[in-house]
Amino acid sequence: MKRLSILVMACMLFMGALSGCGNNESEQAASNKLVIYSPNSEEIIKTIIPMFEKQTGITVELVTAGTGEIIKRLQSEKQNPYADVMFGGSMAGYREHADLYEPYVSPEDKNLIEGHRNTSGFATPYISDGSVLLVNKNLVGDIKIEGYEDLLNPKLKGKIASADPASSSSAFAQLTNMLKAMGGDYENDKGWDYVSKLIQNLDGKIASGSGAVHKSVADGEYVVGLTYEDPSSTYVKNGAPVEVVYPKEGAVFLDAASAITKGAPHMDNAKKFIDFILSKDAQDAFGTQLTNRPLRQDTKLGDHMKPYADINMIKEDTDYVSANKSKIVEHYIEMFTSIK
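Residues numbered from 1 in each chain as written. Predicted model: local features only at pLDDT ≥ 70, side-chain atom pairs only at ≥ 80, totals over all residues. Heavy atoms only, no water.

A few words on the environment of D255. Mapped onto the elements, D255 comes out in strand β8 (residues 251–260). Given a relative accessible area of 14%, D255 falls into the buried group. Sequence spacing of D255 and S128 is 127 residues, and the spatial spacing of their C-alpha atoms is 4.2 Å. Ignoring any residue separated from it by four or fewer positions in sequence, one finds D255 in contact with G89, S90, M91, H116, P125, I127, S128 and L295. Polar side-chain contacts of D255 include one of 2.7 Å to the side chain of H116. (Helix = DSSP H or I, 4+ residues; strand = E, 2+ residues; numbered from the N terminus. Buried < 20%, exposed > 50% of the residue type's maximum accessible area, 1.4 Å probe, protein only. Contact = heavy atoms within 4.5 Å. Polar contact = N/O pair within 3.5 Å; in protein donor to acceptor, adjacent residues only side chain to side chain.)

Structure below.
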């Protein structure tokens, strides 16, 4: 009996040791994990996530969905968060749902260009996208296109691709950009007078969506399109017969951001990810391998992207635009309908 008791005790100790090893391995795996919710493009995901995993040894569980769907999921999980980080989406969207995110300012934030740093205390800008004009070099001939004013040239009537600001975020960004650039603010008659003249030169033609704008220019259906930098730079990078023109009157660049979810289960890893996307390696990847404009001051840019110093950049009043979006869109619709 004594020997049997000793054997039972030994077995229990052995099993306990195995159980302890299992728990340690499980805890280690959990501590080596990061859950990311992202609306970003496949190109960004395929480039940035593997870089992060390789540099840190952290394994990423990725959930991709549209921004609206992600916000709903974060709200439903608020009491028991599953995600650690939201990676992507507009700065305006983060500010609108500030209660979903954890305060954090990366030590890398100081390396970003002025005007594009973390001023909210929780949402970290990491890339920026600007309103541009995409010109087909095979069709433009001797027509000068350097900015918004040039789009009023009668030779371009019916040859300008543009989407509807009521349904396209990039078209709305173009609308507020031109109001700011041509009028100085969003209620100035001078800016809206320009918009009125531009609508007349569109000759009633409106693209089905933002993607149709840049594609129709690259395909040779239109001479010029009112679009945004990311897809435009992709065409240049891939050798298409197009040129990206930054309006000489001023181009607005709006930031995409990332943030740590409130009560993130893997908080330390989440902070490492925010630090990483602002690191020189990641920012250089955005500027050279991808077509997203990085925000670090010392970053590299590929030949397909124009340096910040060569662009006349103007700042949008994001608070005003967010608060008055409906009013701006309604004014545009009334104007378009009356002219058409």
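What follows is about the pairing of strand β6 (residues 224–228). A large share of β6 lies buried, amounting to 4 of its 5 residues. As defined by bridge partners, strand β4 (residues 124–136) adjoins β6 across 5 bridges and the pair is classed as antiparallel. When the bridges of β6 are listed, V135 appears paired with V224. Looking at chain direction, strand β5 (residues 160–161) and β6 are connected through 2 bridges and run parallel. Bridging across to β6, A161 finds its partner in G225. (Pairing = 2+ DSSP bridges.)

Honestly, that's just the spatial picture; any functional story needs more than this.
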